[in-house]
Amino acid sequence: MSNLNKGLGDEIKSPQDEKEENLLKNKMLANFIKSKWYPGIFQLLVGIVFTFIVYELLTGPTKAHDNFGTAGTWVLWWPILPIMLFLTGRFWCAICPFGALSDVVQKFVGSKKPVPKFLRKYGVWLIDVMFIAITWSDHIFGVVESPRGSGVLLLLITIGVVFSGAFWERRTWCRYLCFLGGLSGNYSRAGMLQLRGTKEICAKCTSASCYKGTDKAEGCPMFEFPKTMEDNAECNFCGNCVKNCPNSSIKISLRPPTKELWFIRKPRFEAAFLAVVIMGIVFVQNVTMLKVWENILTWLENAVGTDSYYVTFTITFIVAMAIPVLLLYATGAIAKLFNKDSIKQNFTKFGYAIIPLDMAAHIAHNLFHLLAEGKSIIFTFLALFGVEMHNTSAAVLDNATIQALQFILIGIGTIGSIYTAYRISKSNYETKKISTTIVYTVLLILLGVFNIILFVLPMGMRM
């Protein structure tokens, strides 16, 4: 709603508003997005698969190794999600079964009350907390390794979605509460796909049909107003604005990866903090999968005088979360000497520069599961029909090849983050752009090297 309140006559221009090829010039694509089949056909297919997976998680084999629901969720979907976000932005959110469920609940029993001010103000912080809590709970209670645990997690999310859809308007859950929405929003900023209104056309429009909706489609479910959109963090490419716009102003186009991050006009501290939190979570996921993790636990037990896994893991978790946060704060203090911004201002602006490396590290980590355990998806599916594949390797590629791909991804992510830091510096400190860039380059190389070290060490399997 805040975007709408900027006024129908306001026009925002930034260096990123360059001419991009509009994919909607393809009549077949444009007609499909404008049709009643989009995105409904995808929602139906994903909903069927999701329902079956939840059923398998709750009623199928109790061992993760044998459960198709576990393989489908954590070996297939979770690894390809960040790749989808890079290539297609938040398109996943348009076809996500939780979002579709919220729409259905709202249609039949929703009271459509305005989003509480508390959520509008602190929604991203709630997402940060939820992300951290779920990651901590996963390791404490073994959610990923337990089909029943994964099923219960999905059911709890479903309850939250139903509650949100029943009380509040549009996709309040997706915008302000969903931890995956927060992750998707950050990653889509570095992605290759964007949606915008054509400034010259929107400047003359007073209907705001894209936001309010028409008889063709509901208004934007994510509370976005294409005329004033500056980023794609909240756009899920649902196509409603394309259907509703009376002037064919909406453009969907490809762009250079990370481009959106170069021109953030109003960076938000909580969004930057989420980027750093994601880096910490990747550290946690990697460290706890290492074969030396047991040795680390033993050392911690001796150091703190307890063999409680709750205590030892929580200490590890806090340290892993704190490392990137403290490093970014320290770097901000050094950068302050050159660009004269406060530490908080530097943290907020350059937290966004970590996002490309975040995404690369996330993909690299999950690439291990996808390629080292990928055949388990086929094996567990065949087991549903009584076909057993015992003593057969689930690996798609050998470890050396997977590791090489991980190193390449970390290298690309580090370069992407360094270049993003340079572009942020260039757009904010023309005379101090080089010195500021150098300071953050050191930090990003350090984070990249740390990730490389973790990927060098042998990892354990998920399935």
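One can find the structure itself at the top, above this paragraph.
Residues numbered from 1 in each chain as written. Predicted model: local features only at pLDDT ≥ 70, side-chain atom pairs only at ≥ 80, totals over all residues. Heavy atoms only, no water.

Novice: How should the overall build of the chain be read in this particular structure?
Specialist: A tally of helices and strands in the chain yields 20 helices and two strands. Its C-alpha atoms give the chain a radius of gyration of 23 Å, within 12% of the compact-globule value 23 Å for 463 residues. In terms of overall dimensions, the chain has a C-alpha envelope of 65 × 60 × 40 Å along the principal axes. Excluding contacts between residues fewer than 6 apart, the proportion of contacts in the chain whose partners are at least 24 apart in sequence is 82%. Carbon and sulfur atoms make up 67% of the accessible area of the chain, which totals about 21,000 Å². Averaging the positions of the 44 positive and the 31 negative side-chain charges in the chain gives two centres separated by 10 Å. (Helix = DSSP H or I, 4+ residues; strand = E, 2+ residues; numbered from the N terminus. Rg over C-alpha atoms; globule rule 2.2 N^0.38 Å. Contact = heavy atoms within 4.5 Å. Areas by Shrake-Rupley, 256 points an atom, 1.4 Å probe, with all protein chains shown as cover. Lys, Arg positive; Asp, Glu negative; His and termini not counted. Charge placed at Lys NZ, Arg CZ, Asp CG, Glu CD.)

Novice: Sorry, what's going on with the pairing of strand S1 (residues 193-197) here?
Specialist: Among the five residues that make up S1, five are buried, leaving the element largely enclosed by the rest of the structure. With burial as the criterion, each face of S1 is covered, one bearing Leu193, Leu195 and Gly197 and the other bearing Gln194 and Arg196. In terms of strand pairing, S1 meets strand S2 (residues 250-254) through five bridges, oriented antiparallel. Across the sheet, Arg196 pairs through a bridge with Lys251, a residue of S2. (Buried < 20%, exposed > 50% of the residue type's maximum accessible area, 1.4 Å probe, protein only. Pairing = 2+ DSSP bridges.)

Novice: Could you clarify how one ought to interpret the pattern of salt bridges in this entry?
Specialist: Side chains bearing opposite charge may pair, as long as their charged atoms lie close to each other. One pass over the structure, following the stated rule, counts ten salt bridges. Of the charged contacts in the structure, one is a salt bridge between Glu260 and Arg255, with a shortest N-O distance of 2.6 Å. Note that Lys349 and Asp341 form a salt bridge whose closest N and O atoms lie 2.7 Å from each other. Per residue, the accessibility class of Lys349 equals that of Asp341, and both read buried. (Salt bridge = Lys/Arg side-chain N within 4 Å of Asp/Glu carboxyl O.)

Novice: Sorry, what's going on with the environment of Pro221 here?
Specialist: As for its position among the elements, Pro221 is in the loop between helix H11 (209-212) and helix H12 (240-244). Sequence separation between Pro221 and Lys27 is 194 residues; the distance between their C-alpha atoms is 25 Å. Beyond its immediate sequence surroundings of up to four residues, Pro221 is in contact with Arg170, Arg171, Asn236, Cys238 and Asn240.

Novice: It is not clear to me how the packing of aromatic side chains should be interpreted in this structure. Could you clarify?
Specialist: Here the distance between the centres and the angle between the planes together describe a pair of aromatic rings. In the structure shown here, the tally under the stated rule is 32 aromatic pairs. Between Phe131 and Phe179, the aromatic rings sit 5.7 Å apart at their centres with planes inclined by 65 degrees, giving edge-to-face as the arrangement. On the criterion of sequence distance, the pair formed by Phe131 in helix H6 (residues 117-141) and Phe179 in helix H9 (residues 179-189) is long-range, its members being 48 residues apart. The residues Phe131 and Phe179 share a single accessibility class, namely buried. When the centroid spacing of 6.2 Å and the interplanar angle of 85 degrees are considered together, the rings of Trp136 and Phe141 count as edge-to-face. Classification of Trp136 by relative accessible area gives partly exposed; the value is 27%. (Phe/Tyr/Trp six-rings, centres within 6.5 Å; stacked < 30°, edge-to-face > 60°.)

Novice: What's the story with the nonpolar core in this structure? I'm lost.
Specialist: Nonpolar side chains in soluble globular proteins generally cluster together in the buried interior. Ranked by size, the top nonpolar core spans 110 residues in total, and within it Leu180, Leu195 and Phe347 carry the most contacts. Residues in contact with Leu195, not counting those within four places in the same chain, are Pro226, Met229, Asn232, Cys235, Phe237, Cys241, Ile250, Lys251 and Ile252. Ranked by size, the runner-up nonpolar core spans seven residues in total, among them Met289, Leu367, Phe368 and Leu370. (Core = buried A, V, L, I, M, F, W, Y, C linked by side-chain atoms within 4.5 Å.)

Novice: Got a minute to help me understand the side chain of Glu234 in this structure?
Specialist: Inspection of the secondary structure assignment puts Glu234 in the loop between H11 and H12. Looking at Glu234, the relative accessible area reads 14%, which means it is buried. Among the polar contacts made by the side chain of Glu234, one reaches the side chain of Arg90 at a distance of 3.1 Å. The residues touching Glu234, leaving out its near neighbours within four places in the chain, are Arg90, Arg175, Met222 and Glu224. (Polar contact = N/O pair within 3.5 Å; in protein donor to acceptor, adjacent residues only side chain to side chain.)

Novice: Is there a simple way to think about the packing of helix H2 (residues 40-59) against helix H7 (residues 147-167) in this case?
Specialist: Between two packed helices, both the angle of their axes relative to each other and the distance between the axes serve to describe the pair. Closest axis-to-axis distance for the H2/H7 pair is 7 Å, and the angle between their directions is 135 degrees. Taken together, H2 and H7 sit at an angle that is classed as oblique. The hand of the H2/H7 crossing is left-handed. Contact residues: Phe50, Val54, Glu56, Leu57, Leu58 and Thr59 in H2; Pro147, Arg148, Ser150, Gly151, Val152, Leu154 and Leu155 in H7. Residue classes in the contact of H2 with H7 are distributed as eight nonpolar, three polar and two charged. (Axes fitted to C-alpha atoms, helices over the stretch in contact; angles between N-to-C directions. Parallel < 35°, antiparallel > 145°, perpendicular 65-115°, else oblique. Left-handed = near helix turned anticlockwise from the far one by under 90°. Nonpolar A, V, L, I, M, F, W, Y, C, P; charged D, E, K, R; others polar.)

Novice: Would you take a moment to explain the environment of Tyr440 for this structure?
Specialist: Inspection of the secondary structure assignment puts Tyr440 in helix H20 (residues 433-456). Taking the relative accessible area as the measure of exposure, Tyr440 reaches 2% and is therefore buried. Excluding anything up to four places from it in sequence, Tyr440 contacts Leu328, Thr331, Gly332, Ala335, Asn346, Phe350 and Ala421.

Novice: Teacher, can you tell me more about unusual backbone geometry here?
Specialist: Omega for the peptide link from Tyr38 to Pro39 comes to -5 degrees, which places this bond in the cis form. Looking at the element boundaries, Pro39 is found in the loop between helix H1 (27-34) and H2. A positive phi is found at Arg170, a non-glycine position, where the angle reads about 50 degrees. Locating Arg170 in the fold gives a position in the loop between H7 and helix H8 (172-177). Since its relative accessible area comes to 18%, Arg170 is described here as buried. Phi at Lys340 takes a positive value of approximately 70 degrees, unusual for a residue other than glycine. Mapped onto the elements of the fold, Lys340 is located in the loop between helix H15 (309-339) and helix H16 (343-351). Judged by its relative accessible area of 66%, Lys340 is exposed.

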